[in-house]
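Below, each chain spelled out in residue letters.
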Amino acid sequence: MVRRGRECSVAEALEVVGERWSLLALREIMLGERRFNQIAENTGASRDILAVRLRKLVDAGVLEKVQYEAHPPRHEYHPTEAGRALQPILLGLMAWGDKYVHQGEPPTLWRHACGEVLEPATVCAHCGDPVDAPGTRAIRLGAVH
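Residues numbered from 1 in each chain as written. Predicted model: local features only at pLDDT ≥ 70, side-chain atom pairs only at ≥ 80, totals over all residues. Heavy atoms only, no water.

## Comments concerning the pairing of strand S1 (residues 63–69)
Bridge analysis of S1 against strand S2 (residues 74–79) gives 6 bridges, and the strand direction is antiparallel. Residue pairing in the sheet places Glu69 in a bridge with Arg74 of S2. (Pairing = 2+ DSSP bridges. Helix = DSSP H or I, 4+ residues; strand = E, 2+ residues; numbered from the N terminus.)

Here you go:
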C-alpha cells in the first residue's frame, strides 16, 4: 500500500510552486522582470530548468505567457490572479528569511502604498488581530490516505 499522507492544501500548493527555481522565478516576476533571459540571469537557474518551471507555472494558471515580439516570437511572463495572490506569501517568506536566515541588513526592501517600508503581517480577516501559533487551532483536518 502506498501512503500518500494527509489531504492538505499546503501539499497541493507545493506541487505547483514548492520548488526553488519556481519561487525564485516568481520573485523576479513580482519585482517586475518579465523576460526569460532576465529571469534566468537574476535567479541563476539553468535555462533548461527555468523553462520547465515556467511552463509548469503557466500550465497551473499562475503565470501567463504574453507575446511581445512577432519576429522572432518572444514572450514575457505575467502573473495571473493566482500568481498575484502569491505575493503576500513570497513577502512573508522573505520576511522570515530576513529575520531567521540572512545575516545583516535585509537585501531587499519594499515600500507600501502608505509610504512606509513594508513589514508583512498576517492578520485575521475578521478581527484584524495578528495570526500566531498560540492564537490558532485547526478545526478540520484533511483525511490521511
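## Considerations on the pattern of salt bridges
The final tally for this structure, using the stated rule, is 4 salt bridges. For Arg53, the salt bridge goes to Glu19, with nearest N and O atoms at 2.7 Å. You can see Arg53 sitting in helix H4 (residues 47–59) and its partner Glu19 sitting in the loop between helix H1 (9–17) and helix H2 (20–30), a full 34 residues away along the chain. Taking the shortest distance from any N to any O, the salt bridge between Arg27 and Glu28 comes out at 2.8 Å. Classification of Glu28 as buried rests on a relative accessible area of 5%. (Salt bridge = Lys/Arg side-chain N within 4 Å of Asp/Glu carboxyl O. Buried < 20%, exposed > 50% of the residue type's maximum accessible area, 1.4 Å probe, protein only.)

## Considerations on a nonpolar patch on the surface
Residues Leu93, Trp96, Tyr100 and Val101 make up a contiguous nonpolar surface patch of roughly 460 Å² in combined accessible area. For Tyr100, the location among the structural elements is in helix H6 (residues 87–100). Overall, Tyr100 belongs to the exposed group, its relative accessible area being 54%. (Patch = residues over 30% accessible without salt bridge, like charges linked within 9 Å, V, L, I, M, F, W, Y side chains within 5 Å. Areas by Shrake-Rupley, 256 points an atom, 1.4 Å probe, with all protein chains shown as cover.)

## A few points about the nonpolar core
Membership of the largest hydrophobic core comes to 19 residues, with the highest contact counts inside it found for Leu26, Leu50, Leu54, Leu63 and Tyr77. For this core, the elements supplying multiple residues, two or more each, are H2, helix H3 (36–43) and H4. In this view, Leu54 contacts Ala25, Ile29, Phe36, Leu63 and Tyr77; residues no more than four positions away in its chain are not counted. (Core = buried A, V, L, I, M, F, W, Y, C linked by side-chain atoms within 4.5 Å. Contact = heavy atoms within 4.5 Å.)

## Focus on the UniProt feature "domain: HTH hxlR-type" (unreviewed entry) in the protein
Under the UniProt annotation, "domain: HTH hxlR-type" (unreviewed entry) lies at residues 8–105. End C-alpha atoms of residues 8–105 are separated by 35 Å, and the span's content is 60% helix alongside 13% strand. (UniProt positions renumbered as here; feature names shortened; annotations may be inferred.)

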